Amino acid sequence: LPRKTVIAIVDDDQSVREALTSLVRSLGYVAMAFECAEDLLKSRRRRNVSCVIADVQMPGMTGIELHNRLVASGEPIPTILITAFPDERSREHALQAGVICYLTKPFSEDDLLACIRSNLGPREAAGTGS
Amino acid sequence: LQQAQADLERLNRVMLLGEMTASIAHEVNQPIAAVVTNANAGLRWLGAQQPNRDEVRQALGRIVRDGTRAGEVIGRIRALIKKVPPRRELLDINQAIREVIGLTQTETQRNAVRLQSRFADGLPLVSADRVQVQQVMINLIINAIEAMAGANDGPRELTVVSGIQDANNVVVEVRDTGPGLDPKQFDRLFQSFYTTKPDGIGMGLAISRSIAEAHGGRLSASPNNPRGAVFRFTLPIDEKFKATPELSRP
């Protein structure tokens, strides 16, 4: 059986985390939710993750720092950043660092889906993949 | 120098509304984002080949919770405004408006807006918090400028009028010649989060109306003739100055 695509959600805001988890699951993916970036980095299931959706402003490690850490670890994961407090400098900084999307909360489902799909292979994007 | 410092302090307090608006945006954006995402998820669960009622129910439950949370943030802000008791002083409303017009001059010029003021002479004094009244005025004037700047054609005339409303109230009107407002919008204009601006968050008029009401006054909107919108801001006349013999209507 093909393994389902796993998407990690990292947001310290419980409401946003729960909502995203439900949406990601309704799209046919497996969702893994984390309260902070450190928890994802520590997780042993990290290698199964195909895409990360992370908040920018979090206590401790920010979403951009998380992305940089993943890159530095030699096992980068395509990352979508979301923020309730957008600013042009952090957006540019994030995109230069290789983040695939920088979305402002509240964001549309279409935008999020486009970001997710642009980073997954066709089989993965459909929800199942290797 | 003392005067300059006082002016600066006043300007800072007026600008505080702007900063407050930014932090409100942050705090209410989280639950709003969650509501939107939950609604999307709910629709997906509902539209699945085998709709998942349990997931839909949970998503709806979270929408109720998060929507309530957003409302509570606004409630706290309203309470905050009420808690700061208006620092009432006897206020010459014309003088207060003149200062605001001075503060917004750059904006009017930058947007090629022609500003006219028509002040009634000898208006009775009102007992009001100068800064809060000026915050409302700034908000109305900036709104009017933005409404007109958004429209490509037509005149850009901003008229600020002061006068007597009735035996108990003075009134300030801010009239613009922008695209005007849909009559259906009038009721919703003053609700939190309602905005017609692409980058607005819909707090300015809600806060402004709270301020007007905390003073025992009113803030309302109506169409301007032949085009645009009129915002009317009334404030009660101080008891000592009531029953002035000559009443001039705007």
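Residues numbered from 1 in each chain as written. Chains lettered and ligands numbered in written order. Predicted model: local features only at pLDDT ≥ 70, side-chain atom pairs only at ≥ 80, totals over all residues. Heavy atoms only, no water.

**Things to note about the state of the cysteines**
All names here are of chain A. Taken as a whole and assessed by the stated rule, the structure comprises 1 disulfide over all chains. What pairs with cysteine 101 in a disulfide is cysteine 115, and their sulfur atoms sit 2.2 Å apart. Across the S-S bond of cysteine 101 and cysteine 115 the torsion is about -100°, and the bridge reads as left-handed. You can see cysteine 101 sitting in strand S5 (residues 101–104) and its partner cysteine 115 sitting in helix H5 (residues 109–118), a full 14 residues away along the chain. For the residue pair cysteine 101 and cysteine 115, the accessibility class agrees, reading buried in each case. We note that cysteine 51 lacks a disulfide partner, and the nearest cysteine sulfur, in cysteine 115, lies 8.5 Å from it. (Disulfide = S-S within 2.5 Å. Helix = DSSP H or I, 4+ residues; strand = E, 2+ residues; numbered from the N terminus. Buried < 20%, exposed > 50% of the residue type's maximum accessible area, 1.4 Å probe, protein only.)

**Section: the sheet that holds strand S2 (residues 30–34) of chain A**
All names here are of chain A. The strand order across the open sheet built from 5 strands is S2-S1-S3-S4-S5, with neighbouring strands paired in parallel fashion. A single partner strand is all that each edge strand has here, and the edge strands are S2 and S5. Going across the sheet, the axis of each strand differs from the next one's by a mean of 20°, ignoring polarity. As judged from the 4 bridges shared by strand S3 (residues 49–55) and strand S4 (residues 79–83), these two strands associate in the parallel manner. Looking at the pairing, aspartate 55 lines up with isoleucine 82 of S4. Its contacts with the sheet place helix H3 (residues 63–72) against strand S1 (6–10), S3 and S4, and it is angled at close to 150° to S3. (Pairing = 2+ DSSP bridges. Axes fitted to C-alpha atoms, helices over the stretch in contact; angles between N-to-C directions. Contact = heavy atoms within 4.5 Å.)

**Some remarks on the interface of chain B and chain A**
The interface of chain B with chain A comprises 19 residues on the first partner and 19 residues on the second. The largest share of the area that chain B buries against chain A comes from B:Gln30, B:Thr37 and B:Arg44, three residues that together contribute 31% of it. Across the contact surface, chain B and chain A share 4 salt bridges. Where chain B touches chain A, the interface holds 10 residue pairs in polar contact (both at pLDDT 80 or more). Where the side of chain B that touches chain A is concerned, the elements lending two or more residues are helix H1 (2–47) and helix H2 (53–83) of chain B. It is H1(B) that provides the largest number of residues to the side of chain B that touches chain A, a total of 14 residues. Of the residues in the side of chain B that touches chain A, the class split is 7 nonpolar, 6 polar and 6 charged. (Buried area = accessible area lost by both parts, 1.4 Å probe. Salt bridge = Lys/Arg side-chain N within 4 Å of Asp/Glu carboxyl O. Polar contact = N/O pair within 3.5 Å; in protein donor to acceptor, adjacent residues only side chain to side chain. Nonpolar A, V, L, I, M, F, W, Y, C, P; charged D, E, K, R; others polar.)

**Description of the side chain of B:Asn139**
All names here are of chain B. Mapped onto the elements of the fold, asparagine 139 is located in helix H5 (residues 130–150). At a separation of 3.2 Å, a polar atom in the side chain of asparagine 139 contacts the side chain of serine 208. Sequence-distant contacts of asparagine 139, defined by excluding residues within four places in its chain, comprise Gly204, Leu205 and Ser208.

**Let's talk about H3(A)**
Residues and elements named next belong to chain A. When H3 is considered as a whole, its buried residues turn out to be Gly63, Ile64, Leu66, His67 and Leu70. Down the axis of H3, the sector holding all buried residues measures 160°, keeping them to one side. Looking at the buried positions of H3, the neighbouring elements they touch are S1, helix H2 (37–42), S3, S4 and helix H4 (88–96). Glycine 74 lies just past H3 and shows a positive phi near 85°. (Arc of directions from axis to C-beta.)

**Focus: the pattern of salt bridges**
All told, the structure shown has 19 salt bridges over all chains when counted by the stated rule. In this structure, the salt-bridge partner of B:Arg65 is A:Glu18, at a minimum N-O distance of 2.9 Å. With one member in each of two chains, B:Arg65 in helix H2 and A:Glu18 in helix H1 (residues 14–26) form a pair that bridges those chains. A salt bridge links B:Glu99 to B:Arg130; its shortest N-O distance comes to 3.4 Å. A residue pair is termed long-range when its members are at least 10 positions apart, and B:Glu99 in helix H3 (residues 93–103) and B:Arg130 in helix H5 qualify at 31 residues. Overall, the relative accessible area of 14% leaves B:Arg130 in the buried class. Among the charged side chains, a salt-bridge network with shared partners connects A:Asp11, A:Asp55 and A:Lys105.

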